[in-house]
Amino acid sequence: MITSLSERQKSWLTLGALWLLLLLMAALRPLAVPDEGRYGEVGRWMLQSGDWLTPRLNGLPFFHKPPLLYWLQAMSLATFGINEVALRLVPALHAGLMLVALYLSARLISTEQMARRAVLMLGTSLTFLVGGQYVNHDMLVATWIGVAIWCFAFAFMAGDKPNALLARLGFAACALGMLSKGLIGIALPGMVLVIWLLWTRQFKKVLYLPWLSGLALFALIALPWFVLAQQKYPSFFDYMFVGQQLNRYTATTYNNPQPWWFYLLALVLLFFPWVFFALNQLRRPVPAPVPAAVPVAQAWRSLCWVWVVAIIAFFSIPHSKIVGYVLPVMPPLALLAALGWERAMAHRARWPGFCRPVPAQHWHRAGLDGQSGRRHPHRPRAGCGVGAGLRRPADRHRLCVGQVPLRPAVLCADQPTPRGTG
């Protein structure tokens, strides 16, 4: 016997369907140049050479970025063969992880339906459908930044002292973020969390983090490759951290110069049309008695806005700007958009439409025949059916079907009635 799906099953099916759609789109186009061809070739060369320490491009050391992308690409190519889909499987898996992290977090913060709506919004945006299949480091670091922030935030919100297990998972996510794209894997989660903790007056909880075990876990995951690379190439630290990261952020000589508002436009394009529902959260609170939206603690709303604003501001400072840098803010933006949708629907409930259908069993109150919509022969005739058959004076101003107030114009019967029915 076929039974109806539970809400949770619907959510997981939605997640699976969106990820399969992403894989299908990833198989429909060749690699784009120069980025996808370059980064894909580094992974192929790592597999061919067997040198898992030194990323190489055409045989030459290539230390522009840390190696997590190349390691995973080499494993995927070894498993599925040398093809575009095998290369794109790495960012696609991280995009899927970003969706799952958003879903699990939103479900704990609000409701199952709200979490599924946030997943649908993110999963149908260009962020997921394009960024999730593009072969470079951006989706990887964005995903691990998001996982780190979610883990630490839930750890801090667990009580007077942070949840140690969640905090350790946050440290591990920061380590993977650093292996994805360097220092921003720890700098951005740290910046967002510090601002949020200060804003919500929770900063003293930082003292109770499992610093020793957390930092040990971070060092175990992130540091070995950096130490070994520095030992083999003495100028590695200077090239990686100073040349490719600090100078890239502060100098004006790198490519892709863009105006300060570049990332605002990128947000609209990458999250169209859902971004406008997120902006709906900036409006003043909806007054009672509007049906309440799904309750979400103000601390979580603050986290989402700090997450978005702080990272956008951080990347708007450098002269060089690239669209992929905006990916880390998409999970909180999706949650804000889902909340904005709920707010918009609650606001709409205050103004039901003029032509809203009315159940036939209520028509007799207005003196209307339930079969034809004509005035009932035993009701006194009046210009408007609403006022004609209502006994109490207050009922002349509104008619309620259940708990929803209907405007008098819904049942207005000003038009002439046929002869013989009055």
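Note that the coordinates shown come from a computational prediction; the quantities given were computed from them, not determined experimentally. (Residues numbered from 1 in each chain as written. Predicted model: local features only at pLDDT ≥ 70, side-chain atom pairs only at ≥ 80, totals over all residues. Heavy atoms only, no water.)

(A) A look at the layout of surface pockets. Of the volumes computed, that of the largest pocket is approximately 900 Å³. In this structure, the largest pocket is lined by 35 residues; those nearest its centre are Lys65, Lys181, Arg248, Ile322 and Tyr325. For the lining of the largest pocket, the secondary structure elements donating two or more residues are α2 (35–49), α9 (184–199), α11 (236–250) and α14 (298–316). A total of six residues in the lining of the largest pocket trace back to one element, the largest contributor, which is α11. Of the residues that constitute the lining of the largest pocket, the class distribution is 19 nonpolar, ten polar and six charged. (1 Å grid on protein atoms, 1.4 Å probe; cavity = no way out; pocket = protein on both sides within 12 Å on 5 of 7 lines; lining within 4 Å. Points joined across faces, edges and corners; volume = space filled by probe spheres on them. Helix = DSSP H or I, 4+ residues; strand = E, 2+ residues; numbered from the N terminus. Nonpolar A, V, L, I, M, F, W, Y, C, P; charged D, E, K, R; others polar.)

(B) Quick look at the packing of α2 against helix α3 (residues 68–80). Following both chains from N to C, one finds α2 and α3 inclined at 65°, their axes separated by 8 Å at the closest point. With respect to α3, the element α2 is oriented roughly perpendicular. By crossing handedness, the relation of α2 to α3 is classed as right-handed. Residues Tyr39, Gly40, Val42, Gly43, Arg44, Met46 and Leu47 of α2 touch α3, and the partners they reach there are Leu69, Tyr70, Trp71, Gln73, Ala74, Leu77 and Ala78. The residue inventory of the contact of α2 with α3, partitioned by class, reads ten nonpolar, three polar and one charged. (Axes fitted to C-alpha atoms, helices over the stretch in contact; angles between N-to-C directions. Parallel < 35°, antiparallel > 145°, perpendicular 65-115°, else oblique. Left-handed = near helix turned anticlockwise from the far one by under 90°. Contact = heavy atoms within 4.5 Å.)

(C) Examining the side chain of Ser76 more closely. With respect to the element layout, Ser76 can be found in helix α3. Within the structure, Ser76 has its side chain in polar contact with the backbone oxygen of Ala86 (distance 2.6 Å). (Polar contact = N/O pair within 3.5 Å; in protein donor to acceptor, adjacent residues only side chain to side chain.)

(D) Looking closely at the environment of Arg44. For Arg44, the location among the structural elements is in helix α2. For Arg44, a relative accessible area of 24% translates into the label partly exposed. For the pair Arg44 and Leu77, spaced 33 residues apart in the sequence, the C-alpha separation amounts to 7.2 Å. Sequence-distant contacts of Arg44, defined by excluding residues within four places in its chain, comprise Leu77 and Ile82. (Buried < 20%, exposed > 50% of the residue type's maximum accessible area, 1.4 Å probe, protein only.)

(E) Looking closely at the pattern of salt bridges. Scanning the model with the defined rule gives ten salt bridges in all. Measuring nitrogen to oxygen at the nearest pair gives 3.5 Å for the salt bridge that ties Glu7 to Lys10. Pair noted here: Glu7 and Lys10 are both in helix α1 (residues 7–26), with a separation of three residues, about one helical turn. Residue Glu7 is classed as partly exposed on the basis of its relative accessible area of 29%. Glu112 is the partner of Arg8 in a salt bridge, and the nearest nitrogen-oxygen pair spans 3.8 Å. Of the two residues, Arg8 sits in helix α1 while Glu112 sits in helix α5 (residues 112–123), which places them 104 residues apart along the sequence. A residue is classified by how much of its surface remains accessible, and Arg8, at 45% relative accessible area, is partly exposed. Residue Glu112 is classed as buried on the basis of its relative accessible area, which comes to 12%. Residues joined by salt bridges that share partners form a network here, namely Glu7, Lys10 and Arg116. (Salt bridge = Lys/Arg side-chain N within 4 Å of Asp/Glu carboxyl O.)

(F) Seen up close, the packing of aromatic side chains. By the definition in use, this model includes 24 aromatic pairs. A centroid spacing of 4.8 Å and a plane angle of 25° characterise the contact between Tyr249 and Phe314, whose relative ring orientation is stacked. Residue Tyr249 is located in helix α11, and its partner Phe314 is located in helix α14; the two are separated by 65 residues in the primary sequence. For Tyr249, a relative accessible area of 24% translates into the label partly exposed. The residue whose ring lies beneath Arg38 is Tyr39, and the NZ or CZ to ring-centre distance is 5.4 Å. (Phe/Tyr/Trp six-rings, centres within 6.5 Å; stacked < 30°, edge-to-face > 60°. Lys NZ or Arg CZ within 6 Å of the ring centre and 35° of its normal.)

Everything listed here is a matter of geometry and, on its own, says nothing about what the molecule does.
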